[in-house]
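# A structural walkthrough
This is what each chain is made of:
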Amino acid sequence: MSDQAIDILLVEDGADDATFVMHAVEQGKFGARVQIARDGEQALAAIFGAGNSVDAIPIVHPRIIILDLKLPKVSGIEVMRRLKSNPHSRSIPIVVLSSSQAKRDLEEIYELGANSLLVKPMDFDEFGEAVQMLCRYWLRFNKPSKS
């Protein structure tokens, strides 16, 4: 897989939330190439392939990772910890998508290097609008450190 094979890595185990995000991305007409990982283990494998070592070089460099915190196998916190502690992947933007607004969670994700937190809206239309704004910024306006 080439370094720019995907624009968005969506790491979400909830089928409904993944469908909502995908629908919003399609409706926004961003032309984004999206890959879905259903757990933290799949997310790390999507980025690093079989080599999940601490200093592994990513095989893909998505323009953004949209990351749920509560994931099976490897938690979203651990995925972020591994990505942000690796000098080869720390520049990949991570937006945490969570239903949690707990102060402890907020402090931890920002200490680990999250670029943003999007609290999952309960309303379908509001959820779609939030995802489209997120994609508009990260895919159209943000200038990544790596091309």
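Before reading on, note that the structure itself is shown above.
### Side note on the overall build of the protein
Along the backbone of the protein there are five helices and five strands. Starting at the N terminus, the α and β elements of the protein follow one another as β-α-β-α-β-α-β-α-β-α. Taking 2.2 N^0.38 as the reference for a compact globule, 147 residues should give roughly 15 Å; the C-alpha atoms of the protein span a radius of gyration of 14 Å, in line with that estimate. With respect to the principal axes defined by its C-alpha atoms, the protein has extents near 40 × 35 × 25 Å. Burial status across the protein gives 48% buried among its 147 residues. When the 17 positive and 20 negative side-chain charges of the protein are each reduced to one mean point, those points stand 6 Å apart.

### Let's talk about the packing of aromatic side chains
For the structure on display, the rule yields three aromatic pairs. Each ring, one from F20 and one from F124, has its centre 4.8 Å from the other, and the planes form 65°; the classification is edge-to-face. Of this pair, F20 sits in helix α1 (residues 15–27) while F124 is found in helix α5 (residues 124–141), placing the two residues 104 residues apart along the sequence. A residue is classified by how much of its surface remains accessible, and F20, at 28% relative accessible area, is partly exposed. Cluster of aromatic residues (ring-pair linked, three or more members): F20, F124 and F127.

### Some remarks on the packing of helix α3 (residues 76–85) against helix α4 (residues 103–112)
The N-to-C vectors of α3 and α4 enclose an angle of 20°; their axes lie 9 Å apart at closest approach. Taken together, the axes of α3 and α4 are roughly parallel relative to one another. Seen from α3, the contacting residues are I77, M80, R81 and K84; seen from α4, they are E108, I109 and L112. The class makeup of the residues in the contact of α3 with α4 is four nonpolar, no polar and three charged.

### As for the sheet that holds strand β2 (residues 34–37)
The strand order across the open sheet built from five strands is β2-β1-β3-β4-β5, with neighbouring strands paired in parallel fashion. Looking along the sheet, the strands with just one partner apiece sit at the ends: β2 and β5 (116–119). The sheet shows a mean angle of 20° between the axes of neighbouring strands, taken without regard to direction. Packed on one face of the sheet, α3 meets β3 (64–68) and β4 (94–98) and runs near 150° to β3. Contacts between α5 and the sheet are confined to β1 (8–11), β3, β4 and β5, with β3 contributing the most and set at about 145° to the helix.

### Quick notes on the side chain of S89
Structurally, S89 can be placed in the loop between α3 and β4. Exposure remark for S89: the relative accessible area of 1% places this residue in the buried category.

### Topic: a negative patch on the surface
A surface patch of negative charge is lined by D123, D125, E126 and E129. Among the structural elements, D125 can be located in helix α5. Residue classification places D125 among the exposed residues on the basis of a relative accessible area of 56%.

### A word on the pattern of salt bridges
Across all of its chains, the model carries 10 salt bridges by this definition. The partner of K120 in a salt bridge is E12, with the nearest N and O atoms 3.3 Å apart. One end of the pair, K120, is in the loop between β5 and α5; the other, E12, is in the loop between β1 and α1, and 108 residues separate them in sequence. Of the two residues, K120 and E12, both sit in the buried class. Of the charged contacts in the structure, one is a salt bridge between E107 and K103, with a shortest N-O distance of 3.8 Å. Here E107 pairs with K103, and both are found in helix α4, just four residues apart, close to one helical turn. Salt bridges linked by common partners bring E12, D17, D68 and K120 together as one network.

Each value, and the rule that gives it
- Residues numbered from 1 in each chain as written.
- Predicted model: local features only at pLDDT ≥ 70, side-chain atom pairs only at ≥ 80, totals over all residues.
- Heavy atoms only, no water.
- Helix = DSSP H or I, 4+ residues; strand = E, 2+ residues; numbered from the N terminus.
- Rg over C-alpha atoms; globule rule 2.2 N^0.38 Å.
- Buried < 20%, exposed > 50% of the residue type's maximum accessible area, 1.4 Å probe, protein only.
- Lys, Arg positive; Asp, Glu negative; His and termini not counted.
- Charge placed at Lys NZ, Arg CZ, Asp CG, Glu CD.
- Phe/Tyr/Trp six-rings, centres within 6.5 Å; stacked < 30°, edge-to-face > 60°.
- Axes fitted to C-alpha atoms, helices over the stretch in contact; angles between N-to-C directions.
- Parallel < 35°, antiparallel > 145°, perpendicular 65-115°, else oblique.
- Contact = heavy atoms within 4.5 Å.
- Nonpolar A, V, L, I, M, F, W, Y, C, P; charged D, E, K, R; others polar.
- Pairing = 2+ DSSP bridges.
- Patch = residues over 30% accessible without salt bridge, like charges linked within 9 Å, V, L, I, M, F, W, Y side chains within 5 Å.
- Areas by Shrake-Rupley, 256 points an atom, 1.4 Å probe, with all protein chains shown as cover.
- Salt bridge = Lys/Arg side-chain N within 4 Å of Asp/Glu carboxyl O.

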